[in-house]
Amino acid sequence: MMEFDKTTFDKATKDFQKMGKDNYEAVLKSYGQMNKGFQEIGTSFTDYTKQAFADATATFEKLVGAKSLEHAIEIQSQYAKSAYESWMAEMTKIGEMYASVARDAYKPVEKAVEKTTAAVTAS
């Protein structure tokens, strides 16, 4: 039969509570990082949308002033190429931003897991 040791029990309880508090704080930091990253992504999308609308409007104005069908086709072709290139560049940037958000949001959790694992294996 094991003997009850109040001091050991109290220390284990305090250690467990500290681990819980530290893990909770890590999760909060993780959510904070995700929120910040998603706000940046939203801002980037908004900026891209505004620019794309401005480019489309400028292209429409050029098309209205085109002197020939060939000139209109040239304007439309240039716009299509430019719109595609800017879309691809923006999506690449957004993809990198999402990857960065995931990495940054995981860091606090990763540290907490490492700390908890070390504490558990040490006891």
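The present account deals with the structure reproduced in this document. (Residues numbered from 1 in each chain as written. Predicted model: local features only at pLDDT ≥ 70, side-chain atom pairs only at ≥ 80, totals over all residues. Heavy atoms only, no water.)

**Thoughts on the overall build of the protein**
- When you go through the protein residue by residue, the secondary structure sums to two helices and zero strands.
- Relative to the compact-globule value of 14 Å for 123 residues, the protein shows a C-alpha radius of gyration of 28 Å, a clear excess of over 25%.
- Sorting the 123 residues of the protein into buried and exposed places 15% on the buried side.
- Across the protein, the fraction of contacts at a sequence separation of at least 24, relative to all contacts at a separation of at least 6, is 81%.
- Split by element, the accessible area of the protein, about 9,800 Å² in all, is 63% carbon and sulfur. (Helix = DSSP H or I, 4+ residues; strand = E, 2+ residues; numbered from the N terminus. Rg over C-alpha atoms; globule rule 2.2 N^0.38 Å. Buried < 20%, exposed > 50% of the residue type's maximum accessible area, 1.4 Å probe, protein only. Contact = heavy atoms within 4.5 Å. Areas by Shrake-Rupley, 256 points an atom, 1.4 Å probe, with all protein chains shown as cover.)

**Let's talk about the layout of surface pockets**
- Here the largest pocket defines a volume of roughly 230 Å³.
- Considering the residues around the largest pocket, the lining is formed by 13 residues, among which Asp55, Thr59, Tyr79, Ser82 and Ala83 are closest to the centre.
- If you list the elements that add at least two residues to the lining of the largest pocket, you get helix H1 (6-64) and helix H2 (69-122).
- Of the residues forming the lining of the largest pocket, the biggest block, seven residues, is contributed by H1.
- Residues that form the lining of the largest pocket fall into these classes: six nonpolar, five polar and two charged.
- Among the secondary structure elements, those contributing two or more residues to the lining of the second largest pocket are H1 and H2.
- Looking at the lining of the second largest pocket, its residues break down into three nonpolar, no polar and five charged. (1 Å grid on protein atoms, 1.4 Å probe; cavity = no way out; pocket = protein on both sides within 12 Å on 5 of 7 lines; lining within 4 Å. Points joined across faces, edges and corners; volume = space filled by probe spheres on them. Nonpolar A, V, L, I, M, F, W, Y, C, P; charged D, E, K, R; others polar.)

**What about H1?**
- If you check H1, its first and last C-alpha atoms are 87 Å apart, about what 59 residues at 1.5 Å a residue would give, namely 87 Å.
- Every buried residue of H1 is listed here: Asp22, Ala26, Ser30, Gly37, Ile41, Ser44, Tyr48 and Thr59. (Expected span 1.5 Å × (residues − 1).)

**Focus on the packing of aromatic side chains**
- Counted according to the given criterion, the structure contains two aromatic pairs.
- Taken together, a centroid distance of 5.8 Å and an interplanar angle of 55° make the contact between Tyr48 and Trp87 tilted. Taken together, the residues Tyr48 in helix H1 and Trp87 in helix H2 connect sequence positions 39 residues apart.
- Overall, Tyr48 belongs to the buried group, its relative accessible area being 16%. (Phe/Tyr/Trp six-rings, centres within 6.5 Å; stacked < 30°, edge-to-face > 60°.)

**Some words on the pattern of salt bridges**
- Inspection of every chain in the model, using the stated rule, returns four salt bridges.
- Its salt-bridge partner being Lys81, residue Glu85 comes within 4.0 Å of it at the nearest N-O pair. Of this pair, Glu85 and Lys81 both sit in helix H2, four residues apart, which is roughly one turn of the helix.
- Judged by its relative accessible area of 45%, Glu85 falls in the partly exposed class.
- Among the residues examined, Lys81 registers a relative accessible area of 54% and is labelled exposed.
- Its salt-bridge partner being Asp104, residue Lys107 comes within 3.6 Å of it at the nearest N-O pair. (Salt bridge = Lys/Arg side-chain N within 4 Å of Asp/Glu carboxyl O.)

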